[in-house]
Amino acid sequence: MSSFRSEPILWIHIAGLATLPIFLPLCLLFLAVGDRSLPTWLELLIVAAIGILPLLWMQLRRPFYTFALLGVALKPEILSEPQRKILCLVNTKLNRLLAVFGAVLSVLILLLLSQATPLVANIARLLPQWRGLALLLAGLFFLASNLFLQIPLSVAGVLVTKETEFAALEPLSLEKIKQDFTILGVRVDQILPQLTGKVKTEE
């Protein structure tokens, strides 16, 4: 019997960390655009509110549905028993603590980005110097970076579970999945056969 850690979509979410070197520099660039018309702390608060709070609220109240990827999501009713057990591990106290840790880490990263804006000042001057729009874009790119931080953290909480603990779990019911998780994207029967780890049953 294969380990639950062999579920491919878990590792795809972990690989999402590789997008941080894309989104964080873009956030940095737009933080450097235009002249500041507001106190620095207030601008950072605006960017943090856009980039951190929505995802933190989601992860604390109704965590991201693990079996979703690039705008599509596996229909909850077709999940296998191991997949429904994995969802049990996503909505736990440990994962809420990881979500808070991710939010605190993101605040620290934002502070570092703010201090690094002089490094990209010359590039930022080439862009339209609309400070309000730049802050909005900085917030949106920061939101994207936080999405690809929070989801891997959630998956990491699953991967540290012992096999014996996983075997003892009761699969999450369909009703609880729909009630307790934020399911984003078009619901489909497959997200590429090689990514689902799901064996079709015979008709």
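These figures come from a predicted structure and were not determined experimentally.

Chemist: Hey, could you run me through the sheet that holds strand β1 (residues 68-69) in this one?
Modeler: In sheet architecture, strand pairing relies on hydrogen bonds along the backbone and comes in two forms, parallel and antiparallel. The 3 strands lie next to each other as β1-β2-β3, forming an open sheet whose pairing is mixed. The sheet is open, and its two edges are formed by β1 and β3 (186-188), each paired on a single side.

Chemist: Mind showing me how you'd approach the environment of Asn-95 here?
Modeler: Structurally, Asn-95 can be placed in helix α6 (residues 93-115). Filtering out sequence-adjacent residues up to four positions away, Asn-95 remains in contact with Leu-89, Val-90, Ser-154 and Gly-157. Polar side-chain contacts of Asn-95 include one of 3.2 Å to the backbone oxygen of Val-90.

Chemist: In this structure, what is going on with the nonpolar core? I would like to understand it.
Modeler: If you look at the biggest cluster of nonpolar residues, it comprises 30 residues, and the most contacted ones within it are Tyr-65, Phe-67, Leu-74, Leu-79, Leu-87, Val-158 and Phe-181. Among the secondary structure elements, those contributing two or more residues to this core are α1 (8-15), α4 (53-61), β1, β2 (72-74), α5 (81-90) and α8 (131-159).

Chemist: Quick question: what am I supposed to make of the pattern of salt bridges here?
Modeler: Note that side chains of opposite charge can pair when their charged atoms are close. Taken as a whole and judged by the stated rule, the model has 5 salt bridges. Of the charged contacts in the structure, one is a salt bridge between Asp-189 and Lys-75, with a shortest N-O distance of 3.3 Å. With Asp-189 in the loop between β3 and α11 (193-196) and Lys-75 in the loop between β2 and α5, this residue pair connects regions lying 114 residues apart in the sequence. Taking relative accessible area as the criterion, Lys-75 reaches 25% and is therefore assigned partly exposed. The salt bridge involving Lys-176 is made with Asp-180; its shortest N-O contact spans 3.0 Å. Taken as a pair, Lys-176 and Asp-180 lie in helix α10 (residues 174-180) at a separation of 4 residues, close to a single helical turn.

Chemist: Hey, could you run me through the packing of α1 against α8 in this one?
Modeler: Two quantities define a packed helix pair, namely the angle between the axes and the distance from one axis to the other. Between α1 and α8, the shortest axis-to-axis distance is 8 Å and the interhelical angle comes to 135°. Judged by the angle between their axes, α1 and α8 are oblique. Read as a crossing pair, α1 and α8 show a hand that is left-handed. The residues of α8 that touch α1, namely those facing Leu-10, Trp-11, His-13 and Ile-14, are Ile-151, Pro-152, Val-155, Ala-156, Val-158 and Leu-159.

Chemist: What should I look at first to understand α6 in this one?
Modeler: Since the α-helix advances by 3.6 residues per turn, residues separated by three or four positions end up pointing in the same direction. With 23 residues, α6 should cover 33 Å at 1.5 Å per step; its first-to-last C-alpha distance of 34 Å lies within 8% of that length. Among all positions in α6, only Asn-95, Ala-99, Gly-102, Ala-103, Ser-106, Leu-110, Leu-113 and Ser-114 are buried. Looking at the packing, one finds that the buried side of α6 touches α2 (20-31), α3 (40-51), α4, α5 and α8.

Chemist: Would you mind showing me how to read a nonpolar patch on the surface here?
Modeler: Judged by side-chain polarity, Leu-60, Val-100, Val-104, Val-107, Leu-108 and Leu-111 come together as a nonpolar surface patch covering roughly 450 Å² of accessible area. At 5 residues, the largest contribution of residues to the nonpolar patch is made by α6. By the element assignment, Val-104 lies in helix α6. On the basis of relative accessibility, which here comes to 46%, the residue Val-104 falls in the partly exposed class.

Chemist: Is there a simple way to explain the side chain of Asp-180 in this structure?
Modeler: Judged by its relative accessible area of 12%, Asp-180 is buried. Contacts of Asp-180, omitting those with residues within four sequence positions, involve Arg-61, Arg-62, Pro-63 and Asn-91.

Chemist: Please clarify how α2 should be interpreted in this entry.
Modeler: Its 12 residues give α2 an end-to-end C-alpha distance of 16 Å, which sits within 8% of 16 Å, the value for a rise of 1.5 Å per residue. Looking at the packing, one finds that the buried side of α2 touches α3, α6, α7 (121-124) and α8.

Parameters and conventions
Within every chain, residues take consecutive numbers counted from 1 along the sequence as written. Two thresholds apply to this predicted model, a pLDDT of at least 70 for residue-level local features and 80 or more for giving and counting side-chain atom pairs, whereas whole-chain, interface and lining totals are computed over all residues. To get the side-chain values, take all heavy atoms of the structure and skip hydrogens and water. Two strands pair under a simple rule: DSSP has to find at least two bridges between them. Only DSSP runs of H or I reaching four residues or more are called helices, and only runs of E reaching two or more are called strands; each is numbered from the N terminus. Contacts are residue-level and defined by heavy atoms, with any inter-residue pair within 4.5 Å sufficient. In the analysis that follows, any N or O atom pair within 3.5 Å is treated as a polar contact, provided that within protein one partner can donate a hydrogen and the other can accept it, and provided that, for residues neighboring in sequence, both atoms belong to side chains. Residues enter a nonpolar core if they are buried and are Ala, Val, Leu, Ile, Met, Phe, Trp, Tyr or Cys, with the set joined through side-chain atoms within 4.5 Å. Partly exposed residues are those whose accessible area sits between 20% and 50% of the maximum for their type, while under 20% is buried and over 50% is exposed, using a 1.4 Å probe and protein chains only. Between Lys or Arg on one side and Asp or Glu on the other, a salt bridge is scored when a side-chain nitrogen of the former is within 4 Å of a carboxyl oxygen of the latter. What counts as an axis is a line fitted to C-alpha atoms, over the stretch in contact for a helix, and the angles between N-to-C directions run from 0 to 180 degrees. Angles below 35 degrees are treated as roughly parallel, those above 145 as roughly antiparallel, those between 65 and 115 as roughly perpendicular, and all remaining angles as oblique. Here a crossing is called left-handed whenever its near helix is offset anticlockwise from the far helix by less than a right angle, and right-handed whenever the offset is clockwise. Take the number of residues in a helix, subtract one, and multiply by 1.5 Å to get its expected span. What makes a patch is a set of residues exposed beyond 30% relative accessible area and free of salt bridges, joined within 9 Å when like-charged and within 5 Å when nonpolar (Val, Leu, Ile, Met, Phe, Trp, Tyr). Residue-level accessible areas treat just the shown protein chains as cover; the underlying method is Shrake-Rupley with a 1.4 Å probe.

That is the geometry; function is a separate question.
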